[in-house]
Amino acid sequence: MPGAYEKVFIPHLLSTTFATNAVCAVQRLPIQLLVDSVFPYLSVGDIIALRKLNHAFFLLTHEPVIWRRFLKTFNVQPPYIPAHVPYTLQASDFKAELMVANFLSVQQNWESSDPQLCGYYSFPTSCIVAEMRILPGGEYGVAAVCDEAGYRVMVTEMNGRFAGLASIATINRPYNLQARYMTYHGRQGIMVWFIVTSDIEKPSGIAVGHTCHVAHIGLDTLSVRSDKTTLSPEPFELLVPYTFADPVHDASVFMAGGNLYLAPVLIPNEVVIINIEANEARSIVLVPDPAYESFHQQIRTVRFLPEQGDVMVVRTVVNGPNDVHLLELFAIPQALGRFTPIAKSRVVISQKQVKTFQFSDVLDAAGSASPLPMSLYLETENPRSIIHYSISPVLFTSFGASPWWCYDLTTVVQQSASMHSQDVAHVLPGTHRALVCTVADEELVDDLYTPSTQLTGLRRYFNPEMHFPDLLSYPREALLRTQQLCGWRPKHLYRTIDISPHILGLVNRHKITSMAWDEASGRTCIATKHDGRIHMLEFGRSAGPDAHLERFDSLQKILRIGQYENPVPESPYDEMAHLDIIEMEDEPDDLYRSQRSLFTLLTYLVLGLASILSLYSSLCINVLLQH
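Residues numbered from 1 in each chain as written. Predicted model: local features only at pLDDT ≥ 70, side-chain atom pairs only at ≥ 80, totals over all residues. Heavy atoms only, no water.

J.: Give me the lowdown on the overall build of the chain, citing residues and values where you can.
T.: Per the secondary structure count, the chain includes ten helices and 36 strands. Considering the chain as a whole, with its 627 residues, one finds that 52% of them fall into the buried category. Expressed as a percentage of contacts within the chain between residues at least 6 apart in sequence, the contacts between residues at least 24 apart total 58%. (Helix = DSSP H or I, 4+ residues; strand = E, 2+ residues; numbered from the N terminus. Buried < 20%, exposed > 50% of the residue type's maximum accessible area, 1.4 Å probe, protein only. Contact = heavy atoms within 4.5 Å.)

J.: Lay out the nonpolar core in plain terms, naming residues and giving numbers.
T.: Soluble globular proteins: nonpolar side chains tend toward being buried together. Judged by nonpolar contacts, the single largest core of 25 residues is most densely connected at Phe39, Trp67 and Val100. Listing elements by their share of this core, those giving two or more residues are α2 (31–38), α3 (44–51), α4 (55–60), α5 (64–71) and α6 (94–111). The greatest single-element share of this core, amounting to five residues, is contributed by α6. Leu435, Leu458, Met515 and Phe539 belong to the second largest nonpolar core, which has 22 residues in total. (Core = buried A, V, L, I, M, F, W, Y, C linked by side-chain atoms within 4.5 Å.)

J.: Can you break down a nonpolar patch on the surface residue by residue, with the values?
T.: On the surface, Val26, Leu29, Leu33 and Val38 cluster together into a nonpolar patch covering about 260 Å² of accessible area. By secondary structure assignment, the location of Leu29 is in the loop between α1 (10–14) and α2. (Patch = residues over 30% accessible without salt bridge, like charges linked within 9 Å, V, L, I, M, F, W, Y side chains within 5 Å. Areas by Shrake-Rupley, 256 points an atom, 1.4 Å probe, with all protein chains shown as cover. Salt bridge = Lys/Arg side-chain N within 4 Å of Asp/Glu carboxyl O.)

J.: Which residues make up the sheet that holds strand β5 (residues 140–147), and what values do they have?
T.: The four strands are arranged β4-β5-β6-β7 in an open sheet whose pairing can be described as antiparallel. Both edges of this open sheet fall to β4 (128–134) and β7 (163–170), since each of them pairs with a single strand only. Each adjacent strand pair in this sheet contributes to an overall mean axis angle of 20°, direction not counted. Where β4 meets β5, six bridges bridge the pair, whose relative direction is antiparallel. Among the inter-strand pairings, Arg133 is bridged to a residue of β5, identified as Val142. (Pairing = 2+ DSSP bridges. Axes fitted to C-alpha atoms, helices over the stretch in contact; angles between N-to-C directions.)

J.: Tell me about α2, and please be specific about residues and values.
T.: By the burial criterion, the buried members of α2 are Ile31, Leu34 and Val35. The arc that holds every buried residue of α2, seen down its axis, measures 90°, which confines them to one face. (Arc of directions from axis to C-beta.)

J.: I'd like to hear about α5, residue by residue, with values.
T.: Most of α5 is tucked away, with six of its eight residues classed as buried. Those residues of α5 lying buried are Pro64, Ile66, Trp67, Arg68, Phe70 and Leu71.

J.: Lay out the packing of aromatic side chains in plain terms, naming residues and giving numbers.
T.: The relative placement of two aromatic rings is captured by the distance of their centres and the angle of their planes. Under the definition given, this model contains nine aromatic pairs. Ring geometry for Phe254 versus Tyr261: centroids 5.4 Å apart, planes at 10°, classification stacked. Judged by relative accessible area, Tyr261 falls into the buried class, the value being 12%. With centroids separated by 4.6 Å and ring planes inclined at 35°, the aromatic side chains of Tyr461 and Tyr494 adopt a geometry described as tilted. Here the residue Tyr461 occupies a position in strand β32 (residues 455–462), and Tyr494 occupies one in strand β33 (residues 494–496), the gap between them amounting to 33 residues. (Phe/Tyr/Trp six-rings, centres within 6.5 Å; stacked < 30°, edge-to-face > 60°.)

J.: An account of the environment of Gly320 is requested, with residue identities and associated values reported.
T.: Residue placement: Gly320 occurs in the loop between β18 (310–317) and β19 (324–331). With 32 residues separating them along the chain, Gly320 and Lys352 place their C-alpha atoms 9.2 Å apart.

J.: Provide a residue-level description of unusual backbone geometry, including the pertinent values.
T.: Between Ile267 and the following residue, Pro268, the backbone shows a cis peptide bond with an omega angle of 10°. With respect to the helices and strands, Pro268 occurs in the loop between β14 (259–266) and β15 (270–275). Geometrically, the link from Asn382 to Pro383 is a cis peptide bond, its omega value of 5° lying close to zero. If you check the backbone angles, Asn176 has positive phi at about 50° while not being a glycine. Looking at where Asn176 falls in the secondary structure, it is placed in strand β8 (residues 175–184).

J.: Describe the pattern of salt bridges, with residues and values.
T.: Opposite charge on two side chains permits pairing when their charged atoms draw close. Using the criterion set out here, one finds 14 salt bridges in the structure. Salt-bridge contacts for Asp310 lead to Lys344; the nearest nitrogen and oxygen are separated by 3.0 Å. Taken as a pair, Asp310 in strand β18 and Lys344 in the loop between β20 (337–339) and β21 (345–350) lie far apart in primary sequence, 34 residues in all. Through salt bridges that share partners, Asp289, Arg315, Glu328 and Arg346 make up one connected network.

J.: Now, about the packing of α3 against α5: what can you tell me, with residues and values included?
T.: Direction vectors running N to C along α3 and α5 enclose 165°, while the axes themselves pass 11 Å from each other. Overall, the two elements α3 and α5 adopt an arrangement that is roughly antiparallel. Along this stretch, α3 crosses α5, giving a crossing that reads as left-handed. Where α3 approaches α5, its residues Val44, Ile47, Ile48 and Arg51 are matched on the opposing element by Ile66, Trp67 and Phe70. Residues of the contact of α3 with α5, tallied by class, amount to six nonpolar, no polar and one charged. (Parallel < 35°, antiparallel > 145°, perpendicular 65-115°, else oblique. Left-handed = near helix turned anticlockwise from the far one by under 90°. Nonpolar A, V, L, I, M, F, W, Y, C, P; charged D, E, K, R; others polar.)

Here it is in structure tokens:
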């Protein structure tokens, strides 16, 4: 129903309670002052305690601005939250509060010495999922699928169903699929990019070409297409594809200076940077290092840092068991053409056979705070292990200019190493934590050329460099991002997550083809081939797909009553109740505990004032006696 979830204006309805003649002194303050100047200094636990004080604070603490503010303090890729008009309520506004509750639940589980699987369910896909990515927040996913119609890249909902909202048909199987929330031409949406092989004509005959595809779809289009009763315009905006004769190992998409850039890695030693808006290209060609000039050298992975105008490159000098890996920092060329720049700085990692390198995402700092350290994960062979390095930002200063943060290779530090003697370990990296999958030896599936694995376990990894404060009880100062070494850490950095053998057997029985993990929601998706299903593992206590609608319905009843002396209608199940430090009751019906705390505080204030008056009287009497 179009008008079922219209906006409701709160301040007018609360004006009878938050007024200059209110009995409680706190409620004489303007609502804007409380939300903008007082609540930022409170923790999540404080906000929940205020919610149980009375009816007025119960309504006011549902203001989405409060919960959006908490989301910005979390050290993960921020999920997409629809635009919000302050002091109004609509159904989607409650997503921020539910995401905060879910994130804190995941964090508590991650810090535990005995992490648990909080939930499991599965749903059909009607296709084979060869590759998959989950967007932050776990609401949307992007998958490379194969069905009777051929190969496609699909954007889908992930809340209990695999509902394809939009798709792009491809002539061959897509690989190196990536997706990210990104604003393009002022439109918030999902940017998707992938690589497809195809035949191209060359003077010497037919050769294999590698085409990079980039597409953008607006979130407004996705929300319309999720409503099956509403027709929507063409979903994807397909950008110009670029085909290369050389094999493409990886590709990055980023925004810089208001322009969109595509940056594929051409094997073995070239990084091409294409301005899609202007259709201009420049490239970095890495010449062989003089110390290893006689050995084959190849780029393994890159991470672009557009804010500082650099690109971080990992390349390998192939020498059998004595491989040498170079982590280098290069400046992005400003002019067009091909360049062979000299590395600004370098770190050498020697004598390790590394199967894969993976960088974590880079998060922008809020205000003047330091950016978070960036992680580099290595999956090694002979011996099998996972090695974690951190790269911290450094504050640079210059006369006449404001200080700025830059990542520098002088801060590279090895944080941990985990040995896996029997199984093969794969890491799914995040900005703050990581998920490690241990699997049996891999086999190739002939029809999809996709690794089919036997999952033997999942382990959580906690980055020892990051100090994550307890957001439920710490003051505002502890909520700010900090860069500190080992200020706090769990007892064990790696811990095996307790998963039922029945669930592992159920997943392995049908052959795993793809796996994805979302750090923000703690949601892990495993695609299986034989039954064509997605198996969802929840490591946090997340709300249902329509929980925000139920909560909105409950508050609508309260707002339309407008009489705070009446009993508050029963509200839906509150996800905050899952958290250990927060009380189980989220309704203001039973105010005995809050009233007792307020009475105790007032008693201490009265006693303190009486003591001060008594001391002052004694001093006055002594002065009079002396005179």
